Amino acid sequence: FASLLLNDEFQRRAIDSIRKGRAGGSVALLGIDGSGKSSHASLTRRWLEERGYRSILIPFHRYMFVETLSTARWSTRRERTQRGGNPLRPLLSLVDNLLLQFLTSFGCRVEGTVVIYDRFMWSTYIKYFALGYPVRPLSTFYLSVRPRYAIVLDVPVGKSLKVISSREAHIRYPSRVLEKERQLYVTIAKRR
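Residues numbered from 1 in each chain as written. Predicted model: local features only at pLDDT ≥ 70, side-chain atom pairs only at ≥ 80, totals over all residues. Heavy atoms only, no water.

A. Layout of the overall build of the protein. Broken down by element type, the protein carries 11 helices and 4 strands. Put simply, the protein has 192 residues, and 42% of those count as buried. Restricting to contacts in the protein with at least 6 residues of sequence separation, those with at least 24 account for 77%. In the structure as shown, the protein presents an accessible area of about 11400 Å², 56% of it carried by carbon and sulfur atoms. (Helix = DSSP H or I, 4+ residues; strand = E, 2+ residues; numbered from the N terminus. Buried < 20%, exposed > 50% of the residue type's maximum accessible area, 1.4 Å probe, protein only. Contact = heavy atoms within 4.5 Å. Areas by Shrake-Rupley, 256 points an atom, 1.4 Å probe, with all protein chains shown as cover.)

B. Molecular detail of the sheet that holds strand 4 (residues 149-152). Taken together, the 4 strands give an open sheet; going across it, the order is 2-3-1-4, and neighbouring strands pair in parallel fashion. Every other strand in the sheet has two partners, leaving strand 2 (54-59) and strand 4 as the edge strands with one partner each. Each adjacent strand pair in this sheet contributes to an overall mean axis angle of 20 degrees, direction not counted. Relative to strand 3 (residues 113-118), strand 2 runs parallel, the two being bridged by 6 bridges. Residue pairing in the sheet places Arg54 in a bridge with Thr113 of strand 3. (Pairing = 2+ DSSP bridges. Axes fitted to C-alpha atoms, helices over the stretch in contact; angles between N-to-C directions.)

C. Representation of the environment of His170 within the structure. With respect to the helices and strands, His170 occurs in the loop between helix 10 (157-165) and helix 11 (175-191). Remark: the alpha-carbon pair of His170 and Asp33, spanning 137 residues in sequence, is separated by 9.4 Å. The residues touching His170, leaving out its near neighbours within four places in the chain, are Asp33 and Ile164.

D. Broad picture of helix 11. The first and last C-alpha atoms of helix 11 sit 24 Å apart over 17 residues, in line with the 24 Å expected at 1.5 Å per residue. For helix 11, the complete set of buried residues consists of Val177, Leu178, Glu181, Tyr185 and Ile188. The buried side chains of helix 11 occupy one side of the element, clustering within an arc of 95 degrees when seen end-on. In helix 11, the exposed residues that point more than 90 degrees away from the buried face are Arg176, Lys190 and Arg191. Residues of helix 11 that are buried make contact with strand 1 (25-30), helix 8 (121-131), helix 9 (139-144), strand 4 and helix 10. (Expected span 1.5 Å × (residues − 1). Arc of directions from axis to C-beta.)

E. Here's a closer look at the packing of aromatic side chains. Applying the stated criterion to the full structure yields 5 aromatic pairs. Aromatic side chains Tyr128 and Tyr133 sit 4.6 Å apart centroid to centroid with 45 degrees between the ring planes, which places their arrangement in the tilted category. There is no split in this pair, since Tyr128 and Tyr133 are both buried. One aromatic cluster is present, built from ring pairs that chain together Tyr117, Phe120 and Trp122. (Phe/Tyr/Trp six-rings, centres within 6.5 Å; stacked < 30°, edge-to-face > 60°.)

F. Quick look at the environment of Ile164. Topologically, Ile164 is positioned in helix 10. Taking the relative accessible area as the measure of exposure, Ile164 reaches 2% and is therefore buried. It is 9.4 Å that separates the C-alpha atoms of Ile164 and Ser35, two residues lying 129 residues apart in sequence. Residues contacting Ile164, with those up to four places away along its chain left out, are Asp33, Gly34, His170, Ile171, Arg172 and Leu178.

G. Representation of a nonpolar patch on the surface within the structure. A contiguous nonpolar surface patch, about 360 Å² in accessible area, is contributed by Val95, Leu99, Phe102 and Leu103. By the secondary structure assignment, Phe102 is in helix 6 (residues 89-105). The partly exposed category is assigned to Phe102, whose relative accessible area is 46%. (Patch = residues over 30% accessible without salt bridge, like charges linked within 9 Å, V, L, I, M, F, W, Y side chains within 5 Å. Salt bridge = Lys/Arg side-chain N within 4 Å of Asp/Glu carboxyl O.)

As C-alpha cells, then:
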C-alpha cells in the first residue's frame, strides 16, 4: 500500500490532477446483454479523453481467475450440470470481482483517472441470481461496493435478443432469464 502511494508515477499523476482540478472516479454501465454497455463504454472513454481526462476501460465480464478454476477437475460433472451450476462459482466470482475492482479503482480519484466499467460486480450477482445460483447469502458483499456513478441501460428483452442473435460467439440466454435480470437492474436503479 505504502509503496503504491510513494510510487513516483502515482504521485506525478495525483499532483497533475490536483493542478488541473480534475478528480477521477468510476462509472459503471449496467444492463442486460445487448443493451449497449460496451458501445457506450467505448464512446464515453473517447469523449473523456478528447476533453483531457485520463481514462481506462475495464470489461468486468472477464474474470482474473474464475474461468480457469471453473473448468478444473475438482468441479464434478454433476455440479456443472445441476440447476445453478457449481455452487462455489458465485463465491469465487465474488473474490475475483473484489480483487478486480480494488486493483482497477485504487487511487483513481486522487490521480484523476476515470475508470469506466463495462458491467460491474452487481452484474455478476444479477446474472447468477437470474440463472438460479445460490447467491442470495452473498448479496450484501456483491452489492455493497459501489462505483461513483452507475448507469443502467434499460432495453426491452426483444431488442436485446435481436442484438444477441446478430453476434457470432455469444451465450444465448432464454428470454425469461434476461427479463429477470432486467427487473433486477431496474430495482437496483430505483434504490441506488
